[in-house]
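# Working through the structure, step by step
Chain residues, written in single-letter form:
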Amino acid sequence: MATWRYTEVDSGVAGEEASQLLRRQQKRLERQADKASKAANARARREGALSGALEGMQGEMNLRRDGTIRGVAHDLAAVETFLQRLDITIRQKADEVLQQHADDPAAAQAALEKEREQFVQALPPEAQPGADTMFRRQALIVTRQARQAFEQRQKQERLAVLDEMLARREQDIGRLALTVAAGDEEGEQLLEQELQETEEQLQRAVEQGEITPLRAQQMMRRLRKQATMLRIEGAVDGAPDVAAKRRLLEELNRQWQEGKGLAGTLEADEWLNVRSRLEAKIRADSAAAAQPARGALRRAMLALRSGELPDELDMLMLQRAAADSGSEKLAQAVKRLDKGRHILTSVGRMPLPEAERMAAEARQVAERDPTEENVALARAIEARIAWKRKLMREDPLSLAAITGHVKDRERTMRPLTAGSNAEAWRQRVEVAEAAAAAQGSAVRYLTNEERKALKREWDGLDAQGRAAMLRQLAQGARDRLVRVLDELGIEKPEIAHLGVLQMWRADETVQAALEGQDLIKGGVVRVPGSARETLRKMLARVVPSKALEGVKKTADGIYAKLAVDAGVQDFDEQLYKQAVEMALGKTAAGGGLATWKGRKILLPPNLAVEEFERLMELLPDNQLAVVSQTGGRPMYRKGKDELRPVRAHELRQMHLVPVAAGVFRVSVSDPENGAVWLVDEQTGGPWLLNAAKLPRIKLPAGPSLERRAPKPDDEVAAP
């Protein structure tokens, strides 16, 4: 094996070369070593930074603190990564503080400072400087944002106050401008004062930087123009009627064209705007004024075509509308309506034959000149005549009041009520008979509305109230009571029946019926439906079917009173029959159901059948009109147009058919085989015998009391 050995050469040149070679070799080795050292250091730093970053990303900061390259790189990377994560947390906390104190810089700064102290102190010393820097940076940002928000809010509040102030002033200026009339110096001064104060406030807002000078100028110009336009509108709106508004608007338009007055201060577009609004208002006012007039005109025309008079309020409205609008067409319509009202009023007042002649003349005129007006007038007159006939048949008293056949209508035609006194009933009897005589109609003492109203009031009264009404009615109507009761019986049959009992002075019976009706109404006593059959059997062919309801109501009331007094619980048919007989006027002295010549009849109270027979036997000829229901003598119809008087002894041979208690129609023949009724001399209708008047007849004295034997020529001819 060869062995290398260094030997010195004793040569100057050779030694120098070797020395240089050695130095070069040494430097190369040093460079390689340095390069390797740097590579090792870089690798250590990379590895340390990676491990530190991984720990920092996991939210931990485990520092080595060993002074090595790897350890230092690890610690630096861990702190840096940890601070990056802290930056997110710090920003979140800053955002929370900003949300809580968005417009309060001092509170935001204090809250964030408190958060910084608590947060930074809890960190490792290596992370505290970085976290503190982050917090301070976020504090500056949050404080600045809070200050900006605070200033913005203050500015918005000032602008809101300014806007509200301007809105209120604009409203006040508008209201004031609408009320300032021409020549109103005080109003003009107030308006100008409001405008000046508004301008001063706007100037202060400009000085404070809340609005720009240009905007302030624009706002004041708008307010002044608006005040001028509202003054013009107020002046037009304040005109008394539509015609005056049109005239004033024409005058304002002339002033604007000449550049004078308030209108002259407006620009073209402003004046056109004002004028268009005013024209729209005038059209709306005209339409609103015409709407009721059109309705009134339509109602009035329909009334005339139906033969009725137009309403007075409608006519007054039409007259005013015609005067205000100046419409010639409406004025002509009102004139035609007035003419029609006058004609129909005349038709309503005149007798029917004369009205029919007028209708015939109107038809002839319409045939010769068939204009719409002539045809409508002819139809209106015919409708008026039909209306008059209908009312004469159904409600002649209302007709008399409408057509003026009732004098002092406001006083004498006051509606009769349950509380009307005897004088009111007496006056109504007189007024109704006078009105019937004036217009040639049948007598009706009550209007249809009064009958219905009295029925409603009767149902709402207690026993004492109903008894008081019957007493006042009997005292006021007197000998017309039956006829008044007949009218009341149309709506309330029990009033008619109780009124007849009151007329017969059966006061105890009436009071028992009224008290018993209250007991039934209160549910104390119940009358079963079988009672109606009991009543029907008792009164068959005795009481007319239309009067049965009144008898039943009275009988039910009397039965309820008797049952309570006797302590009866279940229905007692015998007690009910007693109540029916009392309701028919039966007293201890007589009255009620009786039998005469084999037929059931109904006698008034206190008149026994024996007394009735005696009085009928003694009835003289000159008293037949006295016992008549209407005051006329009985007549017998021999032929189609021939009537002859009936004598008393003939009357005793005829058949009595009850129509009410003690009131009979008289038939020559048996009614079951075909009745031939006696005729009333005065009314031309059936003659009625009132048995209640028999005790009041004047009987002759002496031998005339004996029954006179009939003569052959006195016999009544067979039908």
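To keep things clear, this report deals only with the structure shown in the data block. Everything numeric here is computed off the predicted structure, so don't read it as measured data.

## Description of the overall build of the protein
When helices and strands are counted, the protein shows 25 helices and 8 strands. Looking at the protein as a whole, 39% of its 719 residues qualify as buried. With an accessible surface of roughly 41,400 Å², the protein has 51% of that area assigned to carbon and sulfur atoms.

## Topic: the nonpolar core
L473, L498, L539, Y559, Y576 and V580 are the most contacted members of the largest nonpolar core, which has 58 residues in total. Sequence-distant contacts of L498, defined by excluding residues within four places in its chain, comprise W458, L470, V510, A513, L514, Q517 and T554.

## Description of the side chain of R652
Turning to its location among the elements, R652 is positioned in the loop between α25 (648–651) and β5 (655–660). According to the relative accessible area criterion, R652 is buried, its value standing at 6%. One polar contact links the side chain of R652 to the main-chain carbonyl oxygen of M616, over a distance of 2.7 Å.

## Here's the deal with the sheet that holds strand β4 (residues 643–645)
The strand order across the open sheet formed by 3 strands is β4-β3-β7, and the pairing between neighbours is antiparallel. Of all the strands in the sheet, the pair left with one neighbour each is β4 and β7 (679–680). Direction of pairing for strand β3 (residues 634–637) relative to β7: antiparallel, over a ladder of 2 bridges. Bridge pairing in β7 links P634 to D680.

## Quick notes on the packing of helix α21 (residues 530–539) against helix α23 (residues 573–583)
Helix-helix packing is described using two parameters, namely the angle between the two axes and the distance between the axes. Running from amino to carboxyl end, α21 crosses α23 at an angle of 50°, the nearest separation of the two axes being 10 Å. As summarised for this structure, α21 and α23 are arranged oblique, according to the angle between their axes. At the point where α21 passes α23, the crossing takes the right-handed sense. Contacts from A531, T534, L535, M538 and L539 in α21 reach E573, Y576, K577, V580 and E581 in α23. Tallied by class, residues from the contact of α21 with α23 come to 6 nonpolar, 1 polar and 3 charged.

## Brief notes about the packing of aromatic side chains
Following the criterion strictly, the structure yields 6 aromatic pairs and no others. Judged by centre distance (6.3 Å) and plane angle (20°), the rings of W256 and W271 are stacked. Here W256 is found in helix α7 (residues 242–258), whereas its partner W271 is found in helix α8 (residues 268–305), with 15 residues between them in sequence. W256 sits in the partly exposed class, given a relative accessible area of 25%. Owing to a relative accessible area of 0%, W271 belongs among the buried residues under this scheme. An aromatic cluster of three or more residues is present, and its members are Y559, F571 and Y576. Its end group placed over the ring of W458, R466 keeps NZ or CZ at 5.7 Å from the ring centre. Lying over the aromatic face of W677, R665 brings its terminal NZ or CZ to 4.2 Å of the ring centre.

## Digging into the sheet that holds strand β6 (residues 663–667)
Strands belonging to one sheet form pairs held by backbone hydrogen bonds; the direction of such a pair is parallel or antiparallel. Spatially, 3 strands are ordered β5-β6-β8 in an open sheet, and the strand pairing comes out antiparallel. Single-partner strands in this sheet number two, and they are β5 and β8 (688–690). For this sheet, the mean inter-axis angle between neighbouring strands, taken without regard to orientation, is 40°. Here β5 pairs with β6 via 5 bridges, running antiparallel. Paired with H655 across the bridge in β6 is S667.

## Side note on the environment of R299
Along the chain, R299 falls in helix α8. Assessed through its relative accessible area of 45%, R299 is described here as partly exposed. Along the backbone, R299 and M315 are 16 residues apart, and their C-alpha atoms lie at a distance of 10.0 Å.

## Details of the pairing of β3
When β3 meets β4, the two strands line up antiparallel, connected through 3 bridges. By the bridge assignment, M635 is partnered in β4 with P645.

Rules of the game
Residues numbered from 1 in each chain as written. Predicted model: local features only at pLDDT ≥ 70, side-chain atom pairs only at ≥ 80, totals over all residues. Heavy atoms only, no water. Helix = DSSP H or I, 4+ residues; strand = E, 2+ residues; numbered from the N terminus. Buried < 20%, exposed > 50% of the residue type's maximum accessible area, 1.4 Å probe, protein only. Areas by Shrake-Rupley, 256 points an atom, 1.4 Å probe, with all protein chains shown as cover. Core = buried A, V, L, I, M, F, W, Y, C linked by side-chain atoms within 4.5 Å. Contact = heavy atoms within 4.5 Å. Polar contact = N/O pair within 3.5 Å; in protein donor to acceptor, adjacent residues only side chain to side chain. Pairing = 2+ DSSP bridges. Axes fitted to C-alpha atoms, helices over the stretch in contact; angles between N-to-C directions. Parallel < 35°, antiparallel > 145°, perpendicular 65-115°, else oblique. Left-handed = near helix turned anticlockwise from the far one by under 90°. Nonpolar A, V, L, I, M, F, W, Y, C, P; charged D, E, K, R; others polar. Phe/Tyr/Trp six-rings, centres within 6.5 Å; stacked < 30°, edge-to-face > 60°. Lys NZ or Arg CZ within 6 Å of the ring centre and 35° of its normal.

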